[in-house]
Amino acid sequence: MNVKIHIILILLASVNCLAAQTIPKINKKAIAKDSIPLQVKDSMALMLSAAQDSIPTDSILQSTDSLGLAQKNLTRDTILPNQQTVAMSKDSLDAQVQYESKDSMIYDIVNEEIHLYGGAKVQYQDINLEADYIIFRWSDNSVTAVGTKDSLGNIKGKPKFTEKDQTFDAGKMRYNFVTRKGIIYDASSTYNDMYILGQTAKFSSAGSDSLSVDDHVYSCNAIFTTCDHPTPHFGIRSKRQKVVPDKTIVVGPSNLEIANVPTPIWLPFGFFPIHNKPTNGLIFPQDFEYSDRDGFGLQEVGWYFPISDKIDLRLTGDIYFLGTHRLRAFSNYKKRYKYNGNFLIEYAGLRQESSETGEVSFQKSIKLNWSHSQDAKAHPLRTLGGRINFQTSNHQAANYTDAQRTLETSLSSNVNFTRRFPDKPYNLNISATHSQNTNNRQMTINLPTVKFNVNTVYPFKSKKPKPKESWYEKISIDFNSEIKNTITAKDSTLFRRQTLEDARYGARHTFNTRANYTILKFFRFNTRANYTETWFFKTLDKTYDLGYVSAPDTIISPADTILIGMDTTFIAADTTFDFSNSTYGQTLDSIHWGWKPLRQYSFNAGISTTLFGTMLFKKGFLRGIRHKVDPSINFNYTPDYTRENLGYFKQVRTSVENDSLMQQYSVFQNGIYSAPSSQGKQMRLQFSIGNRVELKYWSKKDSSFQKFNLLESANLSWNYNFADPETPWSDPNINARTNLFKRITNVSFNANFTPYTTDGEDNPVLLYKQNKKLVEFMDASLNFSNNISVSKILEMLDKSKKKSGNSSSNTTTDSGGRSGESNTPGARKKNSTFLQFFDQFSISYNLFFRWVKDPAEDYEIISTNNLSVRGNFQLTDKWKFTVSQIGYDFKFQRVTYPDFTLYRDLHCWEMSFSWRPTAGTYNFGIRVKP
């Protein structure tokens, strides 16, 4: 066996000598990228194949690497026929090295190198290297990569190295596949949103299985930053840095630089987490604010807690130098394919100092926000979601100065749970709602509200299809049931015991049946019958106290006392009274506990149709007018609920002197549901006429016919009550609505008239009987409102100029004498820039007139007349000026809450400055973008 091995080694040496004599020595410096001779390549491949064919099959095969080239002093780990093994060389690789280039390759056999040009790539296991020029040396299994210069002297194809989660960009680099170590010059690496730029860096890794403690990067004279600009605008520079990928960055003594200028801020050392998992961390203050009331303050400073992959917690606060403070807890939560939402609770202690006495007091308030949304894939039959927006003591307006939160006058909440039943015509809904007026601090909470609804069904409809339905098959029924509890109180008294005792609760069940028919092809006839049963558990009883005396000027002397009436106040016998301002008797309210049902029913029948009137024109701009009229007549019947036998209404005495002066009241007054009508029996015949006017015109721009609604709607309605012999006619009402200037301005009008007047004894008399008038004006209102962007206004004005063609600066004349728009690039660019400057900037205007008929003198009232502006001025690509709110109230002649913000984008920084003159606050913030 030893003899055979020696023979094989001699043969291999002979082949190497022959190759050295046959192939000339190649100088890589003298050979261009594409200049390797074809015969050299062919002879090299022939030599390698001949060398492999000359080896006996039962001998130890000479090892070849993944490049197909003979490795130096390497053998395969081959099992010989006699089961003997030969150890692998320590320099051998564990896998193939794959390489390619878009331009060309040069094989340097003498120096054992491969040169890859133009978009070169080398891949080994989980290592990827890309560069414009790569040299691979199979003698020591290493690569060198650099970029190349183009004709303009710019570097292209800089090396990019990727191994597992490590990524490096460099000017030049070397790497060894065996030792798994490398060196980088002008290194640039990225970890999540952090960037490290170093002059020189060395790195190594333990293996391809996973990252370990041996995976690290050492940098020299590097800067650590979150700015992705090639020349960072800021950073922390240190002489030495150690990076453990997916774990942390450790720096020694370091200095903060801004715009490559060192600052006096030094750090002795630093640790920066760079793994993908959320970590605890300090939340730096976002803004710095000043106000005359609170002084200087820091906003949003706190700590972040990543509780789990599904939920986190953010604890922050605002601190002001004069004592005002706020604490808040904010949490996001999410479970994939199930639900997501967030929760916020905020407490504020507002320090207030009296300008007169100098006394200091603290106003405490709470804000609660919760938002929850269920994923559509979570459950096909159950849905839970909603939003809660709740506060006490006018928390937002008292603690914040921005226009949006300061001017918000109402808050609302709504949380719903819905349960659907498969193949069943009913569903269940449980909800909680909340409404709050921030001006008077009145709050209404409905908790809970349970609704059980049965969908509309047709009980008499045939299951077999028929060519024509019978009249009874069109009858439908539906049923709704509701249980409700309502709490009404001020936000300051919400959590008191009395508030819970004053809660109103009850239940209501509604049954409806309907039927719709078509009569004589053009008339729609519909009927409806309704039955509602409402359950009250608290009713009202009123009694009159005859012994009550109110004497505000009473003088009490220490003598014998007497008891007057039912009053429990002891009054001296020789007391003198001043009865000029005294009152006698009072009405006492008491609550009667117990179940009391309210049963109501009604019947309605009506007939309606639609009429069209059309007028067409063959020439001109206007081509047609269409008038649509919707007349209808409805009859409605409700019984008299004031009958004594029903027990829905009672009477109470209102005078001490006259026991015949009585007042009627409902026992369901102030209940959770509305009390029945006290107007008695109703047999109303209602008349209504609806109108709509449309225009048809020819558009030259689109070369087509277009429609325009001249009058969106105009309705006239009144009714006649057969059950009221004295005043059967109701007050006629007219309301109209339309849009102007391409739906920019909304116009609404409402007017009320009366058909009655009074005689000498104040009895109602028909106007027609007295002065032959049908109706007389009572009151009317007219409202104009619009909301339009400034860019839209300028665009409309620009189109008007184009159509008019009168502006010499915007028109040109062709050879035929026709004028048109100037189409010069400068003019188009100027108009585009001007419109872009006003983009997203809007103007809102609201004007409300009211006219009232007064017996002495008619007068008009302007209830609302204000103009408000809001939006953004994009001054430059980086500067933006925001007007959150500014307006002028023409009625009270004052500016309405201006709110301005100036914003600057500094690439990796951002700066903002806000000014709210009404609140007297300044807010400044400068922060690094994460």
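Structure's up top.
Since the structure is predicted, the reported quantities are computational estimates derived from the model, not experimental observations. (Residues numbered from 1 in each chain as written. Predicted model: local features only at pLDDT ≥ 70, side-chain atom pairs only at ≥ 80, totals over all residues. Heavy atoms only, no water.)

Caption draft 1: The arrangement of the overall build of the protein chain in detail. When helices and strands are counted, the protein chain shows 8 helices and 56 strands. Taken over 930 residues, the protein chain has a buried fraction of 33%. Long-range contacts, defined here as pairs at least 24 residues apart, represent 50% of the contacts in the protein chain between residues at least 6 apart. Here the protein chain displays about 56900 Å² of accessible surface, and carbon together with sulfur accounts for 56% of that area. (Helix = DSSP H or I, 4+ residues; strand = E, 2+ residues; numbered from the N terminus. Buried < 20%, exposed > 50% of the residue type's maximum accessible area, 1.4 Å probe, protein only. Contact = heavy atoms within 4.5 Å. Areas by Shrake-Rupley, 256 points an atom, 1.4 Å probe, with all protein chains shown as cover.)

Caption draft 2: Highlighting unusual backbone geometry. Of note, the bond from leucine 447 into proline 448 is cis; its omega dihedral lies within 30 degrees of zero at -10 degrees. Although it is not a glycine, asparagine 260 sits at a positive phi angle of roughly 65 degrees. Following the sequence through the fold, asparagine 260 ends up in the loop between β18 (254–258) and β19 (261–267). With a relative accessible area of 45%, asparagine 260 lands in the partly exposed category. One non-glycine residue, arginine 441, adopts positive backbone phi at about 65 degrees. With respect to the helices and strands, arginine 441 occurs in the loop between β30 (426–437) and β31 (442–457). Taking relative accessible area as the criterion, arginine 441 reaches 29% and is therefore assigned partly exposed.

Caption draft 3: The arrangement of the pattern of salt bridges in detail. Applying the stated criterion to the full structure yields 28 salt bridges. Note that aspartate 126 is salt-bridged to arginine 180, the shortest N-O span being 3.7 Å. One end of the pair, aspartate 126, is in the loop between β5 (113–124) and β6 (127–137); the other, arginine 180, is in the loop between β12 (172–176) and β13 (181–191), and 54 residues separate them in sequence. Exposure remark for arginine 180: the relative accessible area of 8% places this residue in the buried category. A single network of salt bridges, built from pairs that share partners, joins Glu300, Arg314, Asp318, Arg326, Arg328 and Glu346. (Salt bridge = Lys/Arg side-chain N within 4 Å of Asp/Glu carboxyl O.)

Caption draft 4: Geometry of the environment of tryptophan 303. By the secondary structure assignment, tryptophan 303 is in strand β23 (residues 295–305). Of the residues examined, tryptophan 303 reaches a relative accessible area of 37% and is grouped as partly exposed. For the pair tryptophan 303 and leucine 315, spaced 12 residues apart in sequence, the C-alpha separation works out to 5.4 Å. Residues in contact with tryptophan 303, not counting those within four places in the same chain, are Asn280, Gly281, Leu282, Ile283, Leu313, Arg314 and Leu315.

Caption draft 5: Expanded view of the packing of aromatic side chains. Inspection of every chain in the model, using the stated rule, returns 32 aromatic pairs. Aromatic pair tyrosine 290 and phenylalanine 296: ring centres 4.8 Å apart, planes at 45 degrees, arrangement tilted. Ring centres of phenylalanine 536 and phenylalanine 668 lie 4.5 Å apart, and the angle between their planes is 35 degrees; this geometry places the pair in the tilted category. Pair noted here: phenylalanine 536 is in strand β34 (residues 523–550) and phenylalanine 668 is in the loop between β41 (662–666) and β42 (682–699), with a separation of 132 residues, a long-range link. Taken as a pair, phenylalanine 536 and phenylalanine 668 share a single burial class, namely buried. Pairwise contacts between aromatic rings join Tyr124, Phe136, Phe161, Tyr175, Phe177 and Phe203 into one cluster. Directly above the ring of tyrosine 400 sits arginine 405, whose terminal nitrogen or CZ lies 3.8 Å from the centroid. (Phe/Tyr/Trp six-rings, centres within 6.5 Å; stacked < 30°, edge-to-face > 60°. Lys NZ or Arg CZ within 6 Å of the ring centre and 35° of its normal.)

Caption draft 6: Region of the structure containing the pairing of strand β7 (residues 142–146). Most of β7 sits out of view: 5 of its 5 residues are buried. Here β7 shows no split at all, with Ser142, Thr144 and Val146 on one side and Val143 and Ala145 on the other all buried. Direction of pairing for β6 relative to β7: antiparallel, over a ladder of 5 bridges. Considered in β7, the bridge of phenylalanine 136 is made with valine 143. The hairpin turn running from β6 into β7, its antiparallel successor, is 4 residues long, and asparagine 141 in that turn takes a positive phi close to 55 degrees. In this sheet, β12 lies alongside β7 in antiparallel orientation, the contact comprising 5 bridges. Paired with alanine 145 across the bridge in β12 is methionine 173. (Pairing = 2+ DSSP bridges.)

Caption draft 7: Structural view of a nonpolar patch on the surface. A cluster of nonpolar residues, Leu282, Phe284, Phe288, Trp303, Phe913, Trp915, Tyr922, Phe924 and Ile926, forms a patch on the protein surface that exposes about 880 Å² of accessible area. Of all the elements in the fold, those that place two or more residues in the nonpolar patch are β55 (909–916) and β56 (921–928). Residue contributions to the nonpolar patch peak at 3 residues, all from β56. With respect to the helices, strands and loops of the structure, phenylalanine 913 is situated in strand β55. Its relative accessible area of 35% is what places phenylalanine 913 among the partly exposed residues. (Patch = residues over 30% accessible without salt bridge, like charges linked within 9 Å, V, L, I, M, F, W, Y side chains within 5 Å.)

Caption draft 8: Fine view of the side chain of threonine 745. Its place among the elements puts threonine 745 in strand β45 (residues 745–754). Overall, threonine 745 belongs to the buried group, its relative accessible area being 8%. Residue contacts for threonine 745: discarding those within four places in its chain leaves Thr738, Asn739, Leu740, Phe784, Ser785 and Asn786.

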